[in-house]
Amino acid sequence: MKALKLLFLALTIIAANAGLTAAQVTIDRPGVPRQTANIGAEEDNVLIDEIFSPITARLNLSASQKFRIANIATATMIQAEPLFQQLDDLEDQLSEAAFTGRLEESTIKQVAEKQAEVLRQIVAMNARAKMSFYRLLTAEQRAVVANQFRSRAGEGSLGSISN
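As a further point, take the overall build of the protein chain. A count of helical and extended segments in the protein chain gives six helices and zero strands. Tracing the protein chain from N to C terminus, the helices and strands come up as α-α-α-α-α-α. The burial tally for the protein chain puts 36% of its 163 residues in the buried class. Here the contacts in the protein chain between residues at least 6 apart in sequence split such that 76% fall between residues at least 24 apart. For the protein chain, the accessible surface area stands at approximately 9500 Å², while carbon and sulfur atoms represent 57% of it.

What follows concerns the nonpolar core. The biggest cluster of nonpolar side chains holds 16 residues, and the ones touching the most others in it are Ile51, Phe52, Leu61, Ile69 and Phe133. Elements represented by at least two residues in this core include exactly helix H2 (34-52), helix H4 (63-99) and helix H5 (105-136).

Attention now moves to the packing of aromatic side chains. For the coordinates displayed, the defined rule picks out one aromatic pair. Taking the ring centre of tyrosine 134 as reference, the NZ or CZ of arginine 142 above it sits at 4.2 Å.

A word on H5. The end-to-end C-alpha distance of H5, which contains 32 residues, comes to 46 Å, matching closely the 46 Å that a straight helix rising 1.5 Å per residue would cover. All of the buried residues in H5 are Val111, Gln115, Val118, Ile122, Ala124, Met125, Asn126, Ala129, Phe133 and Leu136.

Compared with the 54 Å implied by 1.5 Å per residue over 37 residues, the 51 Å span of H4 between its first and last C-alpha is a close match. The principal kink in H4, of about 35 degrees, is found at glutamate 81, preceding the proline proline 82 by one to four residues. Positive backbone phi, approximately 75 degrees, marks glycine 101, located one or two places after H4.

Right, let's get into unusual backbone geometry. Cis geometry is found at the peptide bond from serine 53 to proline 54, where omega equals 10 degrees. As for its position among the elements, proline 54 is in the loop between H2 and helix H3 (56-59). Backbone geometry at asparagine 60 places phi at a positive 50 degrees, although glycine is not the residue there. If you trace the backbone, asparagine 60 turns up in the loop between H3 and H4. Judged by its relative accessible area of 60%, asparagine 60 is exposed.

Averaged over the protein chain, the pLDDT score is 78; the fraction of residues at 70 or greater is 69%. Confidence, expressed as mean pLDDT per element, reaches its minimum in the protein chain at helix H1 (residues 2-12) with 48 and its maximum at H5 with 96. Across residues 6-37, where pLDDT falls below 50, the model places 103 contacts with residues more than four positions away in sequence or in other chains.

Where side chains of opposite charge bring their charged atoms close, a pairing between them can arise. In this structure the tally under the stated criterion is three salt bridges. A salt bridge links arginine 102 to glutamate 96; its shortest N-O distance comes to 3.3 Å.

Attention now goes to the packing of H4 against H5. Two numbers describe how H4 lies on H5: the axes approach to 10 Å, and their chain directions differ by 180 degrees. Our classification of the angle between H4 and H5 gives roughly antiparallel.

Summarising the element assignment, glutamate 43 is placed in helix H2. Judged by relative accessible area, which is 52%, glutamate 43 ranks as exposed. The sequence separation of glutamate 43 and alanine 70 amounts to 27 residues, and the corresponding C-alpha distance is 8.8 Å.

The rules behind each value
- Residues numbered from 1 in each chain as written.
- Predicted model: local features only at pLDDT ≥ 70, side-chain atom pairs only at ≥ 80, totals over all residues.
- Heavy atoms only, no water.
- Helix = DSSP H or I, 4+ residues; strand = E, 2+ residues; numbered from the N terminus.
- Buried < 20%, exposed > 50% of the residue type's maximum accessible area, 1.4 Å probe, protein only.
- Contact = heavy atoms within 4.5 Å.
- Areas by Shrake-Rupley, 256 points an atom, 1.4 Å probe, with all protein chains shown as cover.
- Core = buried A, V, L, I, M, F, W, Y, C linked by side-chain atoms within 4.5 Å.
- Phe/Tyr/Trp six-rings, centres within 6.5 Å; stacked < 30°, edge-to-face > 60°.
- Lys NZ or Arg CZ within 6 Å of the ring centre and 35° of its normal.
- Expected span 1.5 Å × (residues − 1).
- Bend = angle between axes of the 7 residues up to and from the residue.
- pLDDT = per-residue confidence, 0-100.
- Salt bridge = Lys/Arg side-chain N within 4 Å of Asp/Glu carboxyl O.
- Axes fitted to C-alpha atoms, helices over the stretch in contact; angles between N-to-C directions.
- Parallel < 35°, antiparallel > 145°, perpendicular 65-115°, else oblique.

As structure tokens, then:
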């Protein structure tokens, strides 16, 4: 369940859609063996693709942009982990009450309100992450993102950043 929630968070952090860039960027990290740095860069590219798919390639993000976007997304996921744990705990409370015959409407309402507050915090974190992504984009890249949202407006969601 935790992995599913982290995936949900990663998907909701996505600001626009794109395809994975063909060229991989290697970021040397001081004190980290080259092979580990390559794995980190590959993971960053996967994360970037999840965020901007299907328009990743058209954005032509620089290595610096990719690195910073990946750091923002990762930091947001790390910050959200305790919130997802709270959701798990609240769900456990409901399950325990339901399966022991002690579930009452007042309990459902109380737990649902707590869950709503936790989800509100997660949504706010995601929105702040998206704004941070947007600030890192050039005017041309912002136009690509805006065009993608306009062209897909009638179709519904745009990658894992929107509904």
